[in-house]
Amino acid sequence: MIVIVRKNIRYGGAELLIERIAKALGIKGKECIILCNSLSDIMEDRFKKNNIKFLIEKKWIGSDATKKLMNNSDNMFITTWSHDLLLFDMYRSLFGYRFKLKHYMITADDLCLGKSVPIFKNFFKKYYRNIIQKLHKDGCITYMDTECIKKTEEFYNIKLHDYNIVRLPYNVEKLDLTEIENRDQLRKERFTILSISRAEFPMKGYLVQLLQKFGDFYKEHKNSYLCLVTFGDGEKELKKILDDYNDEIKEHIIMYEKMKYEDLEKVWRNASVYVGLGTSILDASNKGICSIPVLQYSMQFKAKEIFYEIPEQISANLNIDEDGYEVIKKVYDMDSEKYKNVSILCHNALSDYYDVNKAVEALSIEHNKINNIIKWNIIDYFLEKIFLKYDDFRFRS
């Protein structure tokens, strides 16, 4: 059995990714269950609708159901958050469980442990450096893309070899060429820049400058509109920026709060270009929308290429310094033939690199060397629990 672990399942790209993996595993006849501490109502409904098994346990240690899963050496646990990886590796070391363990790294700085605690950053970096290297060497870590590897190497000042990359699994739909034709016609009278993202800063800080600089873009492109679908702690900051605009520009900015994916069809249909990062880039490309991956963990709106030009990535290269609006201008200036061709190329890139069947098959392979478990001690365990509580508080929505 495959057990997918995610401490708190809310509603966003990571959660929908887990749903896709679990659903694809079920289609392939592989037994799968999702293990979590908490589960949002939206995701619970989605799991039930897709016949995905899940187990909600407030405490993993002490739960009979969790013990049963961990006691089976045939079970493979897949984590998607660094703290879950560390805790479950500790469970194997401290409590003698022999399940297999794999971590699927789906955000670039996921393994940069201690980055969120500036005062103790150097301590945590030194503390976790050898641990991350050993987990990597033993095949415990599977990376989403090369940016995840680069970020980990730079943070710990190490060099990783023989790494496993599995790009985000995605259910690719058949491209509707009529939609692309309609979008091309619509953009000539109403050019809409769309971004769908949690207002979670600094990870998705690009939203701030995307909104701040729209006024300048609008002055040169009077038929342009900015549509943001966003929610979270940074929402107030975005609304303050919006309030500072004059009435003319305000009429060209639409802000929606949290929406179900099923209700997003209208905003997708009206989009001329999409900017963002993570799975939303795949969502947009799936609909044949010109998609621009942006720099993550930055309060600036930086981007350089359209998705089909860097298909291995769903965020911009870490070392870029180009203004994202320059890429938007290129899309704005495209003639119909170029625009429609680029839209198709984005969809083709999605199909070539992110097909769910290829990804799930790769994730199911057991790389982990079970006999090479790290020897943790009880002090390590309590230190991690304290660190986890701090990070859990920071990211709780």
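Placed above this text is the structure.
Residues numbered from 1 in each chain as written. Predicted model: local features only at pLDDT ≥ 70, side-chain atom pairs only at ≥ 80, totals over all residues. Heavy atoms only, no water.

*Asks:* I tried to follow the pattern of salt bridges on my own but got confused; where do I start?
*Replies:* Charged atoms that come close allow side chains of opposite charge to pair. Taken as a whole and judged by the stated rule, the model has 21 salt bridges. Glutamate 235 is the salt-bridge partner of lysine 239, the closest N and O atoms lying 3.4 Å from each other. Of this pair, lysine 239 and glutamate 235 both sit in helix 10 (residues 235-243), separated by four residues, roughly a single helical turn. Taking the relative accessible area as the measure of exposure, glutamate 235 reaches 13% and is therefore buried. (Salt bridge = Lys/Arg side-chain N within 4 Å of Asp/Glu carboxyl O. Helix = DSSP H or I, 4+ residues; strand = E, 2+ residues; numbered from the N terminus. Buried < 20%, exposed > 50% of the residue type's maximum accessible area, 1.4 Å probe, protein only.)

*Asks:* Please explain the sheet that holds strand 1 (residues 2-5) as it appears in this structure.
*Replies:* Pairing in this open sheet of seven strands is parallel, and the strands run 5-3-1-6-7-8-9 from one edge to the other. A single partner strand is all that each edge strand has here, and the edge strands are strand 5 (53-56) and strand 9 (164-165). Pairing analysis gives four bridges linking strand 3 (residues 32-36) to strand 5, with the strands arranged parallel. Residue cysteine 36 lies in a different strand from strand 5, and its bridge partner there is isoleucine 56. Contacts from helix 4 (residues 82-95) reach strand 1, strand 3, strand 6 (76-79) and strand 7 (100-105), with the element oriented near 170° to strand 7. (Pairing = 2+ DSSP bridges. Contact = heavy atoms within 4.5 Å. Axes fitted to C-alpha atoms, helices over the stretch in contact; angles between N-to-C directions.)

*Asks:* Looking at this structure, how should I read the environment of glutamate 237?
*Replies:* Locating glutamate 237 in the fold gives a position in helix 10. On the accessibility criterion, glutamate 237 (37% relative accessible area) is partly exposed. Residues glutamate 237 and alanine 199, spaced 38 residues apart in sequence, show a C-alpha to C-alpha distance of 9.0 Å. Those residues within four positions of glutamate 237 in sequence are excluded, and the remaining contacts are Phe201, Val208 and Met299.

*Asks:* Sorry if this is basic, but what is going on with the environment of alanine 284 here?
*Replies:* Assignment of secondary structure puts alanine 284 in helix 13 (residues 279-286). On a C-alpha basis, the gap between alanine 284 and serine 343 in space is 9.7 Å, while along the polypeptide they are 59 residues apart. Every residue in contact with alanine 284, bar those within four places of it in the chain, is listed here: Trp268, Tyr274, Ile289 and Ser291.

*Asks:* Would you mind showing me how to read the nonpolar core here?
*Replies:* Nonpolar side chains in soluble globular proteins generally cluster together in the buried interior. Phe77, Phe88, Ile193, Phe214 and Ile328 are the most contacted members of the largest nonpolar core, which has 124 residues in total. For this core, the element with the highest residue contribution is helix 1 (residues 13-27), accounting for eight residues. Non-local contacts of phenylalanine 214, meaning those with residues more than four positions away in its chain, are made with Ile193, Ser224, Tyr225, Leu226, Tyr245, Ile249, His252, Ile253 and Tyr325. (Core = buried A, V, L, I, M, F, W, Y, C linked by side-chain atoms within 4.5 Å.)

*Asks:* Would you explain helix 1 in this entry?
*Replies:* Between its terminal C-alpha atoms helix 1 stretches 21 Å, which fits the 21 Å expected from 15 residues at 1.5 Å a residue. Of all the 15 residues making up helix 1, 11 are buried; the element is thus mostly covered by neighbouring parts of the structure. When helix 1 is considered as a whole, its buried residues turn out to be Ala14, Glu15, Leu16, Leu17, Ile18, Glu19, Arg20, Ile21, Ala22, Ala24 and Leu25. Of the residues one or two after helix 1, glycine 29 is the one with positive phi, at around 85°. (Expected span 1.5 Å × (residues − 1).)

*Asks:* Explain unusual backbone geometry to me, please; I cannot follow it from the model alone.
*Replies:* One can expect most non-glycine residues to show negative phi and most peptide bonds to be in trans. Here the residue pair phenylalanine 201 and proline 202 is connected by a cis peptide bond, since its omega of 10° sits within 30 degrees of zero. Among the structural elements, proline 202 can be located in the loop between strand 10 (191-198) and helix 8 (206-212). Despite not being glycine, tyrosine 297 has its phi angle at roughly 55°, a positive value. With respect to the helices, strands and loops of the structure, tyrosine 297 is situated in the loop between strand 14 (290-293) and helix 14 (324-333).

*Asks:* Is there a simple way to think about the sheet that holds strand 14 in this case?
*Replies:* Pairing between sheet strands relies on hydrogen bonds along the backbone, with the strands arranged either parallel or antiparallel. Pairing is parallel across the open sheet formed by five strands, whose spatial order is 12-11-10-13-14. Only two strands of the sheet have a single neighbouring strand rather than two, namely strand 12 (253-256) and strand 14. Across the sheet, the axes of successive neighbouring strands diverge by a mean angle of 20°, strand direction being ignored. For strand 10 and strand 13 (residues 273-276), the ladder comprises two bridges, and the chain directions are parallel. Within strand 13, the position partnered with isoleucine 193 by the bridge is valine 273. Along the sheet, helix 14 makes contact with strand 10, strand 13 and strand 14, crossing strand 10 at roughly 140°.

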